[in-house]
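Architecture at a glance
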Amino acid sequence: MSDIAAISREYVDFLRNLAEVSTAHRQRVSDAGAPFGLNFCESAILTCLVLDGTVSTVRDIALYLHSAKSLISRGTEHLRQMGYISTFPSPDDRRVLCLQLTRKAEPVLQALKTCMETFVLEAADGIPPEELAAFKETSCKLLRNVRQAAQQQNSRNL
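What you see is a predicted model; the values in this text were computed from it and never measured.

To continue, consider the packing of aromatic side chains. When we look at a pair of aromatic rings, we describe it by the centre distance and by the angle of the planes. Taken as a whole and judged by the stated rule, the model has zero aromatic pairs. Positioned over the ring face of tyrosine 84 is lysine 104, at 5.4 Å from the centre of the ring.

Moving on: the pattern of salt bridges. According to the stated counting rule, one finds seven salt bridges in the structure shown. In this structure, lysine 113 and glutamate 117 form a salt bridge, with 3.0 Å as the shortest nitrogen-oxygen distance. Placement of the pair is lysine 113 and glutamate 117 together in helix 5 (residues 106-124), with a separation of four residues, close to one helical turn. Its relative accessible area of 39% is what places glutamate 117 among the partly exposed residues.

Counting residues in hydrophobic clusters, the biggest one holds 24 residues, and the most contacted among them are Ile45, Leu46, Ile61, Ile72, Leu79 and Tyr84. Looking at this core, the elements that each hand over two or more residues are helix 1 (3-33), helix 2 (40-51), helix 3 (58-65), helix 4 (69-82) and helix 5. In terms of residue count, the dominant contributor to this core is helix 2 (seven residues). Not counting the four nearest positions on each side in its chain, leucine 46 is found in contact with Leu38, Leu79, Tyr84, Ile85, Leu101, Val108, Leu109 and Leu112.

Before going further, it helps to spend a moment on the state of the cysteines. Going through the model one piece at a time under the given rule, you end up with zero disulfides. Cysteine cysteine 41 is unpaired, with the sulfur of cysteine 48 as its nearest cysteine sulfur at 9.1 Å. Judged by its relative accessible area of 13%, cysteine 41 falls in the buried class. No disulfide involves cysteine 140; its sulfur sits 17 Å from that of cysteine 48, the nearest cysteine. By relative accessible area, which is 47% here, cysteine 140 ends up partly exposed.

Scoring rules and cut-offs
- Residues numbered from 1 in each chain as written.
- Predicted model: local features only at pLDDT ≥ 70, side-chain atom pairs only at ≥ 80, totals over all residues.
- Heavy atoms only, no water.
- Phe/Tyr/Trp six-rings, centres within 6.5 Å; stacked < 30°, edge-to-face > 60°.
- Lys NZ or Arg CZ within 6 Å of the ring centre and 35° of its normal.
- Salt bridge = Lys/Arg side-chain N within 4 Å of Asp/Glu carboxyl O.
- Helix = DSSP H or I, 4+ residues; strand = E, 2+ residues; numbered from the N terminus.
- Buried < 20%, exposed > 50% of the residue type's maximum accessible area, 1.4 Å probe, protein only.
- Core = buried A, V, L, I, M, F, W, Y, C linked by side-chain atoms within 4.5 Å.
- Contact = heavy atoms within 4.5 Å.
- Disulfide = S-S within 2.5 Å.

If you want it as structure tokens, here you go:
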């Protein structure tokens, strides 16, 4: 096998493995939200609101999740209709609506928290803590490199 084929195979295997983990996570979160009438996107929106105190608008969430603003808008509207979030005008710009969790969301958030904890524990089963720490550090570096490469590509395309 040529060097190019070996690199291509490693590349494909690496991306396939990441995609498989992501797909499994997405399915688990979807399953956890389903009893509450939520899809994956809506569950992710709730998770963003509780995990990251800086995320409070549709635009913030769309950027955080790398999703289309229209998709997040539909999800937040459904969450509002179900009573899981409320909206209020931003004190800085009254045209912008801020999102806030309601008490009704607490059981959903507990189910999502349990789901995520279980997923991580199952995924990490048999992996020593020092390997997990190294993986976390390496994955952060990979993400940083991907983001930098995307910024450079965008700069060249301007």
